[in-house]
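These are the residues of each chain, in order.
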Amino acid sequence: MTVANDLWIDLLDPTREQVENCLPVEVHDQVLERLCVSPAHDDDPRPKFESHGDYVYGVILIAVDVPHEDLVYYQEVDLVLTAHRLITIRKTPVGGRPPYEPALAIASCQAREGVGMVLYHLMDDVAERFLDLIDALNDEIDELEDAIDEWSAERVRTRISDLRHDLLHVRRVLAPLRDAVRQVVDGRIGLTDAAEVFTHEVQLNYAAAYDKLLRSTDGLELARDLIASARDFHQAKVANDQNEVMKKFTVITSTILIPTFIVGLYGQNFTLIPELKWHYGYAYSWALMVVCTTVQLAIYKKRGWL
């Protein structure tokens, strides 16, 4: 358990008893169950802030990119905010991935700040992490674009599919989180016994965090456009490669067409073909096929078909 600024209690994978002992108010049973459940038993909860009279319940998801594994996983933080205390419950992601570390947010807390500002420092750190995530995803898209000509078609298709899935999943997390912060900015989240938790000055700070989440959303849309462009380029490249193969097959077919005709002509069972009685008839047929083939290849090469 970590205590920051005498207002923030941070717990990592606590037991139900530890949660109940730290909560300064009595919460609804459903909220308590949500605070105690492991991420392994509930897939991707929706980020949100909910007012419950004398406390605010919230769920935060932070997307984390692991470039060397081509993986995006999610860290969950649940919170309960009262007039004088912020309780955060960090949960270790499925698979033993590192949980969210609020060290920067805790270090940003100043003396004499209210609990509303303490929560702001947490949200600002989360917003910064989403900006970093978008930058990391853009780097991966750049890597994909640079490697389209080198990777196999199967690998490119798989990577594009994985990145599109990651972007869509991040969007499903980022959009409700952005809307939750907007609720604070608009004054729609508060406590009945402490109207000054989210003062106008505090709301202005939340507006800065909201702006960062908004920029992350815009960056995410841009990343989706870049993925679509990479997919279109890959499809055009595949189609062009297929056209090149078909062009080669067409050239080969056209090249052997005349020799095939000559062979078929002299392979007929007729005795009145003059060349059949020539002493050099066999050599003549070969010379005719070689000359015709050479002329065709010269024409194809001149036109850039070879």
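Scroll up to find the structure.
Attention in this report is confined to the structure presented alongside it. The numbering scheme is per chain: residues are counted from 1 as the chain's sequence reads. Per-residue local features are limited, in this predicted model, to residues with pLDDT of at least 70; the limit for side-chain atom pairs, both in listing and counting, is 80 or more; totals at the level of whole chains, interfaces and linings are taken over all residues. Values reported for side chains reflect all heavy atoms of the structure, with hydrogen atoms and water molecules removed beforehand.

Notes on the overall build of the chain
For clarity, the threshold we go by: By the criteria applied, helices consist of DSSP H or I runs no shorter than four residues and strands consist of E runs no shorter than two, each listed in order from the N terminus. The atom set for the radius of gyration is the C-alpha atoms, and the globule formula is 2.2 Å times the number of residues raised to the power 0.38. Under the scheme applied here, a residue whose accessible area is under 20% of the maximum for its type counts as buried, over 50% as exposed, and between as partly exposed, the area being computed with a 1.4 Å probe on protein chains only. Throughout, a residue-residue contact means that at least one pair of heavy atoms, one from each residue, lies within 4.5 Å. Working definition of accessibility: Shrake-Rupley area with a 1.4 Å probe, residue cover restricted to the visible protein chains. Two residue types count as positive, namely Lys and Arg, and two as negative, namely Asp and Glu; His and chain ends fall outside the count. Note on charges: their place is set at NZ of Lys, CZ of Arg, CG of Asp or CD of Glu.
Per the secondary structure count, the chain includes 7 helices and 6 strands. Written out in order from the N terminus, the α and β elements of the chain read β-β-α-α-β-β-β-β-α-α-α-α-α. The globule rule puts the C-alpha radius of gyration for 306 residues at 19 Å, and the 34 Å found for the chain is more than 25% above it. Overall, the C-alpha framework of the chain stretches about 115 × 35 × 30 Å when taken along its three principal axes. For the chain, with 306 residues in total, the buried portion stands at 43%. A fraction of 66% describes how many contacts in the chain between residues 6 or more apart in sequence connect residues 24 or more apart. A total accessible area of about 17100 Å² is found for the chain, and carbon and sulfur atoms account for 55% of it. If the 30 positive side-chain charges of the chain are averaged to one point and the 49 negative ones to another, these points end up 11 Å apart.

Things to note about the packing of aromatic side chains
Selection criterion: Two rings from Phe, Tyr or Trp (for Trp, the six-membered ring) form a pair when their centres are within 6.5 Å of each other. A pair whose planes differ by under 30 degrees is stacked, one over 60 is edge-to-face, and the rest are tilted.
Evaluated as defined, the whole model comprises 3 aromatic pairs. Ring plane angle 80° and centroid distance 5.7 Å describe the contact between Phe198 and Tyr206, whose orientation is recorded as edge-to-face. Here the aromatic rings of Tyr282 and Trp286 are separated by 6.5 Å at their centres, their planes lie at 80°, and the arrangement is edge-to-face. Of the two residues, Tyr282 and Trp286 are both situated in helix α7 (residues 281-302); the distance of 4 residues between them amounts to about one turn of the helix. Given a relative accessible area of 63%, Tyr282 falls into the exposed group. On the accessibility criterion, Trp286 (45% relative accessible area) is partly exposed. Ring pairing ties together the aromatic residues Tyr120, Phe198 and Tyr206, which thus form one cluster.

Brief notes about unusual backbone geometry
For Asp70, which is not a glycine, the phi torsion comes out positive at approximately 50°. Take Asp70: it is sitting in the loop between β4 (56-66) and β5 (71-81). At Arg112, a residue that is not glycine, the phi angle is positive and equals roughly 70°. You can see Arg112 is positioned in the loop between α3 (103-108) and α4 (115-147).

Quick notes on the packing of α4 against helix α5 (residues 153-185)
Inclusion rule: Axis definition: a line fitted to C-alpha atoms, over the contacting stretch in the case of helices. Angles run 0 to 180 degrees between N-to-C directions. When describing relative orientation, an angle under 35 degrees is termed roughly parallel and one over 145 degrees roughly antiparallel, while 65 to 115 degrees is termed roughly perpendicular and anything else oblique. It is the rotation of the near helix from the far one that decides the hand of a crossing: anticlockwise by less than a right angle makes it left-handed, clockwise makes it right-handed. Throughout, the ten residues Ala, Val, Leu, Ile, Met, Phe, Trp, Tyr, Cys and Pro are labelled nonpolar, Asp, Glu, Lys and Arg are labelled charged, and all others, Gly among them, are labelled polar.
Two elements in contact, α4 and α5, have axes whose closest approach is 12 Å; the angle formed by their N-to-C orientations is 160°. Between α4 and α5, the angle is such that the two are roughly antiparallel. Every pair of crossing elements has a handedness; the one defined by α4 and α5 is left-handed. Contacts from Met123, Val126, Phe130, Leu133, Leu137, Glu140, Ile141 and Leu144 of α4 reach α5 at Val156, Arg159, Ile160, Leu163, Leu167, Val170, Val173, Leu174, Leu177 and Val181. Of the residues assigned to the contact of α4 with α5, the class counts are 16 nonpolar, no polar and 2 charged.

So, the nonpolar core
We apply this condition: In these notes, a set of buried Ala, Val, Leu, Ile, Met, Phe, Trp, Tyr and Cys residues joined through side-chain atoms within 4.5 Å is what counts as a nonpolar core.
Ranked by internal contacts, the top residues of the largest apolar core, which has 60 residues, are Ile60, Leu81, Leu119, Phe130, Leu144, Phe198 and Tyr206. Of all the elements in the fold, those that place two or more residues in this core are β4, β5, α4, α5 and α6 (200-266). Those residues in contact with Ile60, other than ones at most four positions away along the chain, are Gln75, Glu76, Val77, Leu79, Leu122, Met123, Val126 and Leu177.

Re the environment of Pro47
Of note, Pro47 is situated in the loop between α2 (29-36) and β3 (48-51). Here Pro47 falls in the buried class, since its relative accessible area comes to 4%. Spatially, the C-alpha atom of Pro47 lies 21 Å from that of Ala83, the residues being 36 residues apart in sequence. The residues touching Pro47, leaving out its near neighbours within four places in the chain, are Val59, Leu61, Val173, Pro176 and Leu177.

Structural notes on the pattern of salt bridges
Keep this limit in mind: A pair is scored as a salt bridge if a Lys or Arg side-chain nitrogen falls within 4 Å of a carboxyl oxygen belonging to Asp or Glu.
On inspection of all chains with the given rule, the structure shows 25 salt bridges. A salt bridge links Arg159 to Asp70; the shortest N-O distance between them is 3.2 Å. One end of the pair, Arg159, is in helix α5; the other, Asp70, is in the loop between β4 and β5, with 89 residues separating them in the sequence. We classify Arg159 as buried; its relative accessible area is 7%. Asp70 sits in the partly exposed class, given a relative accessible area of 36%. Ionic pairing is found between Glu244 and Lys247, a salt bridge with its closest N-O pair at 3.6 Å. Of this pair, Glu244 and Lys247 are both found in helix α6, 3 residues apart, which corresponds to roughly one turn of the helix.

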